[in-house]
Structures are given as C-alpha cells and as structure tokens.
Amino acid sequence: MLFIQNKKSMLVSVILLAILAFFSVAVSSYAYADTADSDDDSTTSEEVIKSKLSEIGDKYSEGDILSDEDAAYVRAHVPEVGDSTESQLEPAALNQSGKFSKTKKKFGTTVHVSGSIFSKYEGLPTEHSYGGTIAVKKTAGKTPRKIKTTITCRAYGLMGTKLLVMYNGSVSASKKNADSLKAQLKKTYTGVVAYCMVEASVSVTTSNGDVFTVSD
C-alpha cells in the first residue's frame, strides 16, 4: 500500500508540474503578444524619423556634402522632387502641399493647431518657394505669453552621386499675450533641388513661462 501511495503521489506531482508549465507558457505568450502590439505605433515611428531628419539637417550648412549614411537616410525618408505626397504626417514635396490638425495640452494650457504647408516652383526650375497658413487657438488655460509659428524647409541637391544641402531655412511669425494667432507665411530660395521637405511647428510660452512645441 505504501508503494502504491508513492506512485499516486508521483503521478499527482507530474500532473501539477504539467499544468504549471502550460500556465507559464501561456502567460509568457500573452505578455509577448501584448508587448508586440504596443510597439506597433506609427505615430512614434513618424516622430523618430522627423527627429532624425532634423538632427541631420542641423549637422550641416548650405553647400555641405552629406555623409553616405546621412544621405541614404534622407533619400529613404525625404520626398523626391515631383513625388506626390499629401498627408498631415509626411512633409510636402515640391509643387505639393500637406494639411495638419492637432491639439496638445501641457503645463495647464491646451492649444489647437491647424493649417497647411506647401513647396513649389516659382517660374524657373531653380526658383522655389515654401510656406503655408497656420492657425493657433488656445482652448483651455490662461493666455499664453507668446505664440510662435515656424515653417522650416530643407532642400538637398545632387553633386555627382553625392547629396548636398542646397537650402536650409525657415520663416516665422509670432504674437505676444494672445489667445490665438493666424499667420500666412511664404519665403523663396534658389537652387537645383532633388529632395525637399517642409514642416511646420508652433512654440507656445505659457503664462508661467513654460514652453512646449506642437509639430505637424
């Protein structure tokens, strides 16, 4: 009888171990699936790309040749001249436009930003312009000390197989102690452009002096 009881005990232990192993695998699989889903964030990806492109743009001056690594990234993510693009997340290619609408709350202040940006030829193939219309409105909180809108353009040209900075500039407008700002902005430049991106951003200085940014 004692031997039979030990066999029964062993059988129960094996069954319990099997159940625990199955439960452990199931929990691990669920945790992995949940993590994978949370990583699939297109907005975050766009923000990473924009941040990297801004980093590249800030590294060079007009006329500088990009490193092979930076040039490859620009070619992969910046619209080629003539490409069709119309999205609130993608920058505008030459002779194209993009629209955006965003709301952001920070430091007790909420603002809504909307508008459109463009880049286009101005007569000759080497004459270009960029700009847009941006409307900013405070929807909650105290009146901001300052609202500033900026449209930035980064254009790249070809030198043989290399990529160089043809133009890197911006145009802006601002208003102090106001709940809203609407600006129509435009600027021209000259160059033979192969790749071009235009993006908009709004800087808000709250009543307490804190600063946050809303980008297209």
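This one's a predicted model, so the numbers in the text were calculated from it and none came from an experiment.

A. Structural context of the overall build of the chain. Scanning the chain from terminus to terminus reveals 3 helices and 8 strands. Element order for the chain, N to C, with α for helix and β for strand: α-α-α-β-β-β-β-β-β-β-β. Within the chain, buried positions represent 33% of all 216 residues. Partitioning the intrachain contacts of the chain with sequence separation of at least 6 by distance along the chain shows that 62% fall at a separation of at least 24. In the structure as shown, the chain presents an accessible area of about 12,700 Å², 54% of it carried by carbon and sulfur atoms.

B. Main features of the environment of lysine 52. With respect to the helices and strands, the residue lysine 52 is situated in helix H2 (residues 42-59). We classify lysine 52 as partly exposed; its relative accessible area is 25%. Separated by 21 residues in sequence, lysine 52 and tyrosine 73 have C-alpha atoms that sit 8.7 Å apart.

C. Quick peek at the pattern of salt bridges. All chains considered together, the criterion is met by 6 salt bridges. The residue aspartate 58 makes a salt bridge to arginine 154 at a minimum N-O spacing of 3.1 Å. Of this pair, aspartate 58 sits in helix H2 while arginine 154 is found in strand S4 (residues 146-159), placing the two residues 96 residues apart along the sequence. In this structure arginine 154 comes out as buried when scored by relative accessible area, which is 7%. For aspartate 179, the salt bridge is made with lysine 138, and the minimal N-O distance between the two is 3.5 Å. Of this pair, aspartate 179 sits in the loop between strand S5 (162-176) and strand S6 (180-190) while lysine 138 sits in strand S3 (residues 124-140), placing them 41 residues apart in sequence. The network of salt bridges with shared partners includes Asp58, Arg154 and Glu199.

D. Geometry of the nonpolar core. Ranked by internal contacts, the top residues of the largest apolar core, which has 26 residues, are Val113, Tyr130, Ile134, Ile151, Tyr189 and Val202. When residues of this core are traced back to their parent elements, those giving at least two are strand S2 (109-122), S3, S4, S5, S6, strand S7 (195-205) and strand S8 (211-215). Tallying contributions element by element places S7 first for this core, with 5 residues. If we skip the residues at most four places from it in the chain, valine 113 touches Phe100, Ser101, Lys102, Ile134, Ala135, Val136, Val202 and Val214.

The rules we used
- Residues numbered from 1 in each chain as written.
- Predicted model: local features only at pLDDT ≥ 70, side-chain atom pairs only at ≥ 80, totals over all residues.
- Heavy atoms only, no water.
- Helix = DSSP H or I, 4+ residues; strand = E, 2+ residues; numbered from the N terminus.
- Buried < 20%, exposed > 50% of the residue type's maximum accessible area, 1.4 Å probe, protein only.
- Contact = heavy atoms within 4.5 Å.
- Areas by Shrake-Rupley, 256 points an atom, 1.4 Å probe, with all protein chains shown as cover.
- Salt bridge = Lys/Arg side-chain N within 4 Å of Asp/Glu carboxyl O.
- Core = buried A, V, L, I, M, F, W, Y, C linked by side-chain atoms within 4.5 Å.

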